[in-house]
Amino acid sequence: MKIGFDARFISWKGVGTYSRSLLKQFAQVPDLEVVCFYNDDTKARLPAGDNFTMVKLNEEVFSSRNLNKIGSIVNQNGCALFHTPYVVAPGNLECPLLVTAHDIIPLLFPKSIPSFRQRRVYRGMLANAIQRADHIITVSTVSQSYLYAHFNLPLGKVSVILDGVGTEFNPRSEQEIKAVTAKYKLGRPHILWLGEFVAHKNVTALVSAFAALSQKLRLRYKLVLAGEKGGNWKEVKKEADRRGIGSLVLIPGFIGDDDLPALYSSADLFVYPSLYEGFGLPPLEAMACGTPVVCSNSSSLPEVVGDGGLLVAPRSATLRAAITEVMTNDNLRQRLRRRGRERAALFSWDTAVAKTLDLYRELAR
């Protein structure tokens, strides 16, 4: 079976992890030929595979004018199926189109996209992809319900295939932890958050919760907010300064993929206060590394975290209470470490890939 895969997103957050994880597994499937459509920005990150054919596709990702041209290039390569891991769908395809729609966050939280023009482009591309898709994959039942609620889709058009957690996410040695904390100049002990500084991540609520901790806890721990310094990170920093805890809040910026397991392992607690997630990889990765997790009880996060973390309403007061409870109760902390690893073990990329391949075969027929 020969399938096309749009690999132009493999450097992105979330979608990139999803794409790289699938492609790494596809390289081991003997009866599968994969045409990887890449651009200059992503070629270096493409996994190697003897069953991969590389086709350069330097067309702008968010250009509706180029969609038919992209479709023609896919057709020239004789694919039995084309899979796009993001809601950018080529036109004039001569084969079935499979779209992965991870979430519709820009529709639900438009302020997460800074400009009106970008929001308008996203809405148009999303509607176009949903309309053109022969089938849609999404990554949680909550995301599935939102797709059905916002679009007039026939039942059965959206399949749920849960994300996995990479095997590299496991508790790391003290030597590895010290190397990573020194690299990013992070104090210990600390409470960790990791993600993008955008509205629906609700980071200011975490800053407020940390500021409201007892003086004993607040002076013992640092709060590490890790992730590329984009979006509203300056507003988050201003909030920390306004609360008088600027010196206790560390914002190290982008963390390399190879350093993430040790970063998670370095934390005494991982807190994830998002208002909405299509899936939510960071708390799952933290649990796999044996780090206790306090997580929002909204959207897909209960589906992912389950009893592996402490689920609370994503408000400053409830976050403060949960952080205090975990950090002052050794038995609870150890129980969360154990349950988190048990829960994370249920999410495998092997399973996600097997289900995706079954869908490929069904659509290709």
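Coordinates for the structure precede this section.
What you see is a predicted model, and the numbers here were worked out from it, not measured in a lab.

## Observations concerning the overall build of the protein chain
Each helix and strand counted, the protein chain has 15 helices and 13 strands in total. Here the C-alpha atoms of the protein chain give a radius of gyration of 21 Å, agreeing with the 21 Å that 2.2 N^0.38 yields for 365 residues. On the principal axes, the C-alpha backbone points of the protein chain span a range of 65 × 40 × 40 Å. Across the 365 residues of the protein chain, 58% fall into the buried class. Partitioning the contacts of the protein chain with sequence separation of at least 6, the portion at a separation of at least 24 is 66%. The average position of the 45 basic charges and that of the 34 acidic charges among the side chains of the protein chain differ by 8 Å.

## A word on helix α2 (residues 67-76)
If you check which residues of α2 are buried, you get Leu67, Ile70, Gly71, Ile73, Val74 and Asn75. Of the residues flanking the end of α2, it is glycine 78, one or two places downstream, whose phi is positive at about 60°.

## Digging into the environment of valine 271
Relative to the helices and strands, valine 271 is located in strand β11 (residues 269-272). Take valine 271: its relative accessible area is 0%, and that puts it in the buried class. For valine 271, the residues in contact, after removing those within four places along its chain, are Ile191, Leu192, Trp193, Leu206, Val294, Leu319 and Ile323.

## Points about the packing of helix α13 (residues 316-327) against helix α14 (residues 330-344)
Interhelical geometry of α13 versus α14 gives an angle of 95° and a closest axis separation of 6 Å. Here α13 is positioned roughly perpendicular relative to α14, judged by the angle of their axes. Here α13 contributes Glu325, Val326 and Met327 to the contact with α14, which in turn contributes Leu332, Arg333 and Leu336. Here the contact of α13 with α14 is composed, by residue class, of four nonpolar, no polar and two charged.

## Description of the sheet that holds strand β7 (residues 158-160)
Neighbouring strands of a sheet are bound in pairs by backbone hydrogen bonds; such pairs are parallel or else antiparallel. Ordered by their spatial adjacency, seven strands build an open sheet running β3-β2-β1-β4-β5-β6-β7, and the pairing between neighbours is parallel. Each edge of the open sheet carries a strand with a single partner, namely β3 (52-56) and β7. Put simply, the sheet's adjacent strands are angled 25° from each other on average, direction ignored. Both strand β6 (residues 135-138) and β7 contribute to a ladder of three bridges, which runs parallel. Of the residues in β7, the one forming a bridge with isoleucine 136 is valine 158. Each of β6 and β7 touches helix α5 (residues 141-150); the most contacted strand, β7, lies at about 170° to it.

## A look at the nonpolar core
In this structure, Leu225, Leu263, Tyr264 and Val294 are the most contacted members of the largest nonpolar core, which totals 67 residues. Here this core gets seven residues from one element, more than from any other, and that element is helix α7 (residues 203-211). Here leucine 225 is in contact with Trp193, Phe197, Val203, Leu206, Val207, Val236, Val249, Leu250, Ile251 and Pro252, once residues within four sequence places are set aside. Ranked by size, the runner-up nonpolar core spans 34 residues in total, among them Ile113, Ile130, Ala133 and Val158.

## Observations regarding the side chain of glutamate 239
Mapped onto the elements, glutamate 239 comes out in helix α9 (residues 233-242). With residues up to four places along the chain from it excluded, the contact list for glutamate 239 reads Val207 and Ser208.

## Some details on α9
Because the α-helix completes a turn every 3.6 residues, residues three or four places apart line up on one side. Considered for burial, the residues of α9 that qualify are Trp233, Val236, Glu239 and Ala240. Seen end-on, α9 carries its buried residues on one side only, within an arc spanning 115°. Opposite the buried face of α9, by more than 90 degrees, sit the exposed residues Lys234, Lys238 and Arg242. Phi turns positive, to about 80°, at glycine 244, one or two residues after α9.

## Comments concerning the sheet that holds strand β9 (residues 222-226)
Strand order in the open sheet formed by six strands is β10-β9-β8-β11-β12-β13, and the pairing between neighbours is parallel. The sheet is open, and its two borders are formed by β10 (249-253) and β13 (310-312), each paired with just one other strand. For this sheet the average axis-to-axis angle between neighbouring strands, irrespective of direction, equals 25°. As defined by bridge partners, strand β12 (residues 293-296) adjoins β13 across three bridges and the pair is classed as parallel. Within the sheet, the bridge partner assigned to cysteine 295 lies in β13 and is leucine 311.

## Here's the deal with the pattern of salt bridges
Inspection of the entire model under this criterion finds 16 salt bridges. For aspartate 31, the salt bridge identified is with arginine 361, shortest N-O distance 3.9 Å. Highlighted residues: aspartate 31 in the loop between α1 (15-26) and β2 (33-38) and arginine 361 in helix α15 (residues 349-364), separated in sequence by 330 residues. The salt bridge involving lysine 56 is made with aspartate 40; its shortest N-O contact spans 3.3 Å. Of this pair, lysine 56 sits in strand β3 while aspartate 40 sits in the loop between β2 and β3, and the two are 16 residues apart along the sequence. Lysine 56 sits in the partly exposed class, given a relative accessible area of 47%. Here the salt bridges share partners, and the residues they tie into one network are Arg20, Arg45 and Asp257.

Procedures and definitions
- Residues numbered from 1 in each chain as written.
- Predicted model: local features only at pLDDT ≥ 70, side-chain atom pairs only at ≥ 80, totals over all residues.
- Heavy atoms only, no water.
- Helix = DSSP H or I, 4+ residues; strand = E, 2+ residues; numbered from the N terminus.
- Rg over C-alpha atoms; globule rule 2.2 N^0.38 Å.
- Buried < 20%, exposed > 50% of the residue type's maximum accessible area, 1.4 Å probe, protein only.
- Contact = heavy atoms within 4.5 Å.
- Lys, Arg positive; Asp, Glu negative; His and termini not counted.
- Charge placed at Lys NZ, Arg CZ, Asp CG, Glu CD.
- Axes fitted to C-alpha atoms, helices over the stretch in contact; angles between N-to-C directions.
- Parallel < 35°, antiparallel > 145°, perpendicular 65-115°, else oblique.
- Nonpolar A, V, L, I, M, F, W, Y, C, P; charged D, E, K, R; others polar.
- Pairing = 2+ DSSP bridges.
- Core = buried A, V, L, I, M, F, W, Y, C linked by side-chain atoms within 4.5 Å.
- Arc of directions from axis to C-beta.
- Salt bridge = Lys/Arg side-chain N within 4 Å of Asp/Glu carboxyl O.

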